[in-house]
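# Results of the structural survey
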Amino acid sequence: MLEFNEYIKMFIGLIAVVNPLGAIPIFLTLTYGAGKKEQIHLINVIAITVSIILLVSLFSGEYILNFFGITIASFKVGGGILILLMAIAMMHARPSGATQTEEELHEGESKESAAVVPLSMPLMAGPGAISTVILYGHRSNDIAHYSLVGVAILAVGAVLWFAFLLSPWISKRFGMTGMNIITRIMGLILAAIAIEFIANGLKELFPGLV
């Protein structure tokens, strides 16, 4: 089990990579004209889906890596590069192809399952978030550690729920410029996390570099 402040850092890192504020404009577009009950239902589906995807990644991600013979050190470097690309896109306040493509966005617009695709997966619980959860989970092997990372994931789900519930108010108060500023700040935090993953992975792959 790690120090408590490390779990706070994990929670902030997950918020940065999931980036609920960046998804608010898409949520408002896809739910335009929907009633309050329907919007709340979609918000529930999004929060639950994202939480389930990340929890499954936490408890099964390392087994999947072992099945394919991928070392955690290699995954740290590869996952860190992926997260860094997402962070660079966030610092430019534009969507990353690592989270969703134009085809996935249009597909979501034409279906009632927009709460799952593209909002929950791959926009928020995409490759970057899944990679982050797996790497956080690998930092310790005891049950208490996995339990606390799981609590952090559930807390992220709660933040998503409140963010989308307050999305009309947030959109009016902050505007697109304000949300872009916050997204850029989150991107900077995410870039620092990505560099840390890459550096730790390289140290494990090439001990002589230390």
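Scroll up for the structure.
The present account deals with the structure reproduced in this document. Sequence positions are assigned chain by chain, starting from 1 and proceeding in written order. Restriction of local features to residues with pLDDT of at least 70 applies here, the model being predicted, together with a cutoff of 80 or more for giving and counting side-chain atom pairs; totals for whole chains, interfaces and linings are based on all residues. Calculated side-chain values reflect all of the structure's heavy atoms, with hydrogen atoms and water omitted.

## Notes on unusual backbone geometry
- Residue N19 is not a glycine yet carries a positive backbone phi of 55°.
- Note on placement: N19 falls in the loop between α1 (4-18) and α2 (20-30).
- Each residue is placed in one exposure class: buried if its accessible area under a 1.4 Å probe, protein chains only, is under 20% of its type's maximum, exposed if it is over 50%, and partly exposed if it falls in between. For N19, a relative accessible area of 14% puts it in the buried group. Labels follow the DSSP assignment, with helices taken as runs of H or I lasting at least four residues and strands as runs of E lasting at least two, numbered in each case from the N terminus.

## Points about the packing of α1 against helix α9 (residues 167-205)
- Put simply, α1 and α9 touch, their axes get as near as 9 Å, and they point 120° apart. By the angle between their axes, α1 is oblique relative to α9. Like other packed secondary-structure pairs, α1 and α9 cross with a definite hand, here left-handed. Note on element contacts: α9 touches α1 through M186, I189, L190, I193 and E196, opposite K9, I12, G13, I15, A16 and V17.
- Among the residues making up the contact of α1 with α9, the classes are represented as eight nonpolar, one polar and two charged. Here, axes are lines fitted to C-alpha atoms. For helices the fit covers the stretch in contact, and angles between N-to-C directions go from 0 to 180 degrees. Should an angle fall under 35 degrees it is taken as roughly parallel, and over 145 as roughly antiparallel, whereas 65 to 115 is taken as roughly perpendicular and any remaining angle as oblique. Should the near helix be turned counterclockwise from the far one by less than a right angle, the crossing is left-handed, whereas a clockwise turn marks it as right-handed. Any two residues whose heavy atoms approach within 4.5 Å at even a single point are treated as in contact. The nonpolar class holds Ala, Val, Leu, Ile, Met, Phe, Trp, Tyr, Cys and Pro. Asp, Glu, Lys and Arg form the charged class, and all remaining residues, Gly among them, are polar.

## A short note on the packing of α1 against helix α7 (residues 127-137)
- Direction vectors running N to C along α1 and α7 enclose 165°, while the axes themselves pass 9 Å from each other. The pairing of α1 with α7 is recorded here as roughly antiparallel in orientation. Viewed along their axes, α1 and α7 form a crossing whose handedness is right-handed. Side by side, α1 and α7 meet where K9, M10, G13, L14, V17 and V18 of the first sit next to G128, A129, T132, V133 and Y136 of the second.
- Tallied by class, residues from the contact of α1 with α7 come to seven nonpolar, three polar and one charged.

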